Amino acid sequence: MTRFIFITGGVVSSLGKGLASAALGALLQARGFKVRLRKLDPYLNVDPGTMSPYQHGEVYVTDDGAETDLDLGHYERFTGVASRQSDNITTGRIYSNVIAKERRGDYLGATVQVIPHVTDAIKEFVRSDLTDEDFCLCEIGGTVGDIESLPFLEAIRQLGNELGRAQTMFVHLTLVPYIPSAGELKTKPTQHSVKELLSVGIQPDMLMCRCDREIPEGERRKIALFCNVAPDAVIAALDVDTIYQVPVSYHEQGMDAVVCRHFGLDAPAPSLKRWTTIVERFRQPEGEVTIAVVGKYTSLLDSYKSLAEALHHGGIANNVRVRLNWIDSQIFEREDVVQHLEPCHGILVPGGFGERGAGGKIEAVKFARERGVPYFGICFGMQMAVIEAARNLAGLKGANSTEFGPCETPVVGLMTEWMKGNMLEKRAANGDLGGSMRLGAYDCDLKPNSRVREIYGVDRISERHRHRFEVNLDYKPMLEKTGLSFSGLSPDGVLPEIVEFPDHPWFVGVQFHPELKSKPFDPHPLFTSFIAAAVRQSRLV
Ligand code: GLN
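Only a predicted model underlies this, so the values are computations on that prediction, with no experimental measurement involved. (Residues numbered from 1 in each chain as written. Predicted model: local features only at pLDDT ≥ 70, side-chain atom pairs only at ≥ 80, totals over all residues. Heavy atoms only, no water.)

What to know about the overall build of the protein chain
Turning to step 1, where the next piece is worked out: Helix and strand counts for the protein chain stand at 18 helices and 25 strands.
Turning to step 2, where the next piece is worked out: In terms of overall size, the protein chain behaves like a compact globule, its C-alpha atoms giving a radius of gyration of 25 Å where 541 residues would be expected to give roughly 24 Å.
Turning to step 3, where the next piece is worked out: In terms of overall dimensions, the protein chain has C-alpha extents of about 75 × 65 × 45 Å along its principal axes.
Turning to step 4, where the next piece is worked out: Counting all 541 residues of the protein chain, 56% fall into the buried class.
Turning to step 5, where the next piece is worked out: Look at the contacts in the protein chain between residues 6 or more apart in sequence, and 73% of them connect residues 24 or more apart.
Turning to step 6, where the next piece is worked out: Total accessible area computed for the protein chain in this model is approximately 22100 Å², and 50% of it derives from carbon and sulfur atoms.
Turning to step 7, where the next piece is worked out: Put simply, the protein chain has 59 plus and 69 minus side-chain charges, and the middle of one group is 2 Å from the middle of the other. (Helix = DSSP H or I, 4+ residues; strand = E, 2+ residues; numbered from the N terminus. Rg over C-alpha atoms; globule rule 2.2 N^0.38 Å. Buried < 20%, exposed > 50% of the residue type's maximum accessible area, 1.4 Å probe, protein only. Contact = heavy atoms within 4.5 Å. Areas by Shrake-Rupley, 256 points an atom, 1.4 Å probe, with all protein chains shown as cover. Lys, Arg positive; Asp, Glu negative; His and termini not counted. Charge placed at Lys NZ, Arg CZ, Asp CG, Glu CD.)

A few points about the UniProt feature "binding site: ATP" (unreviewed entry) in the protein chain
Turning to step 1, where the next piece is worked out: On the UniProt side, "binding site: ATP" (unreviewed entry) is annotated at positions that read Ser-14, Leu-15, Gly-16, Lys-17, Gly-18, Leu-19, Asp-71 and Val-240 here. Those annotated residues lining the largest pocket are, specifically, Ser-14, Leu-15, Gly-16, Lys-17, Gly-18, Leu-19 and Asp-71.
Turning to step 2, where the next piece is worked out: When you line up the elements, Ser-14 lands in the loop between strand S1 (3-9) and helix H1 (17-30).
Turning to step 3, where the next piece is worked out: Its place among the elements puts Leu-19 in helix H1.
Turning to step 4, where the next piece is worked out: Given the relative accessible area of 18%, Leu-19 is considered buried.
Turning to step 5, where the next piece is worked out: Those residues in contact with Leu-19 that lie beyond four places of it in its chain are His-74, Phe-78 and Ile-243. (UniProt positions renumbered as here; feature names shortened; annotations may be inferred. 1 Å grid on protein atoms, 1.4 Å probe; cavity = no way out; pocket = protein on both sides within 12 Å on 5 of 7 lines; lining within 4 Å.)

Observations concerning helix H7 (residues 188-199)
Two residues of an α-helix separated by three or four positions point the same way, owing to the 3.6 residues in each turn.
Turning to step 1, where the next piece is worked out: In this model, H7 (12 residues) spans 16 Å end to end at C-alpha, consistent with the 16 Å of a helix rising 1.5 Å per residue.
Turning to step 2, where the next piece is worked out: Within H7, burial applies to Thr-190, Gln-191, Ser-193, Val-194 and Leu-197. Relative to the axis of H7, the buried residues are bounded by an arc of 165 degrees and lie together on one face. Facing away from the buried side of H7 by more than 90 degrees, the exposed set consists of Lys-195 and Ser-199.
Turning to step 3, where the next piece is worked out: At the exit of H7 stands Gly-201, carrying a positive phi of roughly 90 degrees. (Expected span 1.5 Å × (residues − 1). Arc of directions from axis to C-beta.)

Describing the site of the ligand
Turning to step 1, where the next piece is worked out: Taken together, the residues surrounding the ligand are Gly-351, Gly-352, Phe-353, Cys-379, Phe-380, Gln-383, Glu-403, Arg-466, His-467, Arg-468, Phe-469 and His-513.
Turning to step 2, where the next piece is worked out: Glu-403 places a side-chain nitrogen or oxygen 2.8 Å from a nitrogen atom of the ligand.
Turning to step 3, where the next piece is worked out: Interatomic distance of 2.9 Å between a backbone N/O atom of Phe-469 and an oxygen atom of the ligand.
Turning to step 4, where the next piece is worked out: Protein chains shield 99% of the accessible area of the ligand, which is 300 Å² for the free molecule.
Turning to step 5, where the next piece is worked out: Mapped by element, the contributors of at least two residues to the shell around the ligand are helix H15 (380-392) and strand S21 (460-467).
Turning to step 6, where the next piece is worked out: When grouped by side-chain class, the residues that make up the shell around the ligand number 4 nonpolar, 5 polar and 3 charged. (Near = heavy atom within 4 Å. Polar contact = N/O pair within 3.5 Å; in protein donor to acceptor, adjacent residues only side chain to side chain. Nonpolar A, V, L, I, M, F, W, Y, C, P; charged D, E, K, R; others polar.)

So, the pairing of strand S6 (residues 135-140)
Turning to step 1, where the next piece is worked out: The element S6 is largely enclosed, with a buried count of 6 among its 6 residues.
Turning to step 2, where the next piece is worked out: In this structure, S1 lies alongside S6, joined through 5 bridges in parallel fashion. Residue pairing for S6: Ile-5 is matched across the bridge by Leu-137.
Turning to step 3, where the next piece is worked out: Bridge count between strand S2 (residues 35-41) and S6: 6 bridges; the pairing is parallel. In the sheet register, Val-35 faces S6, and the bridge partner there is Phe-135. (Pairing = 2+ DSSP bridges.)

What about the sheet that holds strand S16 (residues 399-401)?
Turning to step 1, where the next piece is worked out: Taken together, 3 strands build an open sheet; the order of strands is S16-S17-S22 and the sheet is mixed. The open sheet has two edge strands, S16 and strand S22 (469-471), and neither has a second partner. Neighbouring strand axes in the sheet, compared pairwise and without regard to direction, differ in orientation by 30 degrees on average.
Turning to step 2, where the next piece is worked out: Where S16 meets strand S17 (residues 409-414), 3 bridges bridge the pair, whose relative direction is parallel. For Ser-401, the partnering residue across the bridge sits in S17 and is Val-412.
Turning to step 3, where the next piece is worked out: Contacting S16, S17 and S22, H15 runs over the sheet at an angle of about 165 degrees to S16. (Axes fitted to C-alpha atoms, helices over the stretch in contact; angles between N-to-C directions.)

Side note on the nonpolar core
Turning to step 1, where the next piece is worked out: One finds Ile-5, Leu-28, Phe-135, Met-206, Tyr-250 and Val-259 to be the most contacted residues of the largest nonpolar core, which totals 45 residues.
Turning to step 2, where the next piece is worked out: Looking at which element gives the most residues to this core, the answer is H1, with 8 residues.
Turning to step 3, where the next piece is worked out: Leaving out residues up to four positions away in the same chain, Tyr-250 has contacts with Ala-20, Ala-23, Leu-27, Met-208, Ala-237, Met-255 and Asp-256.
Turning to step 4, where the next piece is worked out: Of all hydrophobic cores here, the second largest spans 39 residues; its members include Cys-344, Ile-347, Phe-380 and Phe-501. (Core = buried A, V, L, I, M, F, W, Y, C linked by side-chain atoms within 4.5 Å.)

In structure tokens form, the structure reads like this:
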């Protein structure tokens, strides 16, 4: 039997509901349960794939090719359970499914309404694609009181009623602010938020109160009394120095015990060794390296969430702290790269879209290549590395990507067809933007004796993709003459997946997104190797 835990948020957004859900998932897993985590997003986009990173942060891509909310990245990093398309739904997708059914005549003449048709579709999603999971944790995006989250709240209320308390639990995350002038913690926002939840028929079973300090027993009891929950089900979700401390801190507050009691489960106490080891390593590094991340969306760090985490995982694996120096590549149009990049021990150009800032990224690649500074190019960062080599080493001055418009020497061009398993995928230049990139897990064969073959330790890998353009193999012979090696190719040999300069201390460009699969307890080998190279570089400068 799968039990459902619904996690809602109140008072303000950005309280870290995704992390809280992920940490609860990790705790239940540590008690021996099988978990799945899901996100229900109230916006009207069918998925976040077409949204600007400034709006929504990173788009997290699953193995099965779904473009999803970045919280799914937290879920995967904390539990190791690979997310799927069926783990993220939006109002847009629900409505487009309901409307498609209506057009097919599936509702047999009924008037199609939010209740029951939309709420039924939400409930169906929540219960779909589950097998032997003990728990399915469903996070509801947004804040209680938003107009757009109402159908989701109604759907989970109905589910609570249909499945009963033995199979459902409601967790509400709120804020308990400290008011310095009064010298007091305030419980009123939590009370109001719970009232709001009660007005749609949901009585929370547990409250997680974000707070910057311990919540004294008196305040805890007050919250319990006014919000009608058991005093020990008022959990203080305190600020911590690293996100990997969150499961440990929740456990200390008794969170997993309250969940087990709610469901009448007698589970052994969890072993949190995995988390305490990571936290210890994080807190007591033996050194430090600085990595320059030269990108476009550097003012909103959520845009590079998985990337930042993966770099820290590489640090954990090497016992060093990784300091991230976020650089907006456009700055190199005005200022010299040297002053910005010289103090760094590694340079990374991440995924990106569009021409703005591309010139600055190419400058960063050139600096890394010429100075022998470790370079890691991811997706767009690989494409920029190839353009740099084409222009500055192969003498193809007009080399560019057709992403920026028609050009004479298209070393990076639009992918119009590729194989997905046994199926041929085709794209037209004027097709839809949503969901039409080469998405999800694809295999890549590694060249014998290459750096990446040594790093991965296997001949064939599978990594997640999200791109529309590719390095043009017509230019492979010319590029190889410059010393650039095509060390990873799709199994059919038609798509370049990895390039590297074997003579450089560490220079690797990958067409996929390795950061999406890195976990703190299982750092991605490319990030581990890149940070190790940065450590060597730090000893030189
Ligand atoms: N814009 C490039 C493409 O579509 C790179 C995409 C990315 O970096 N994710 O191929």
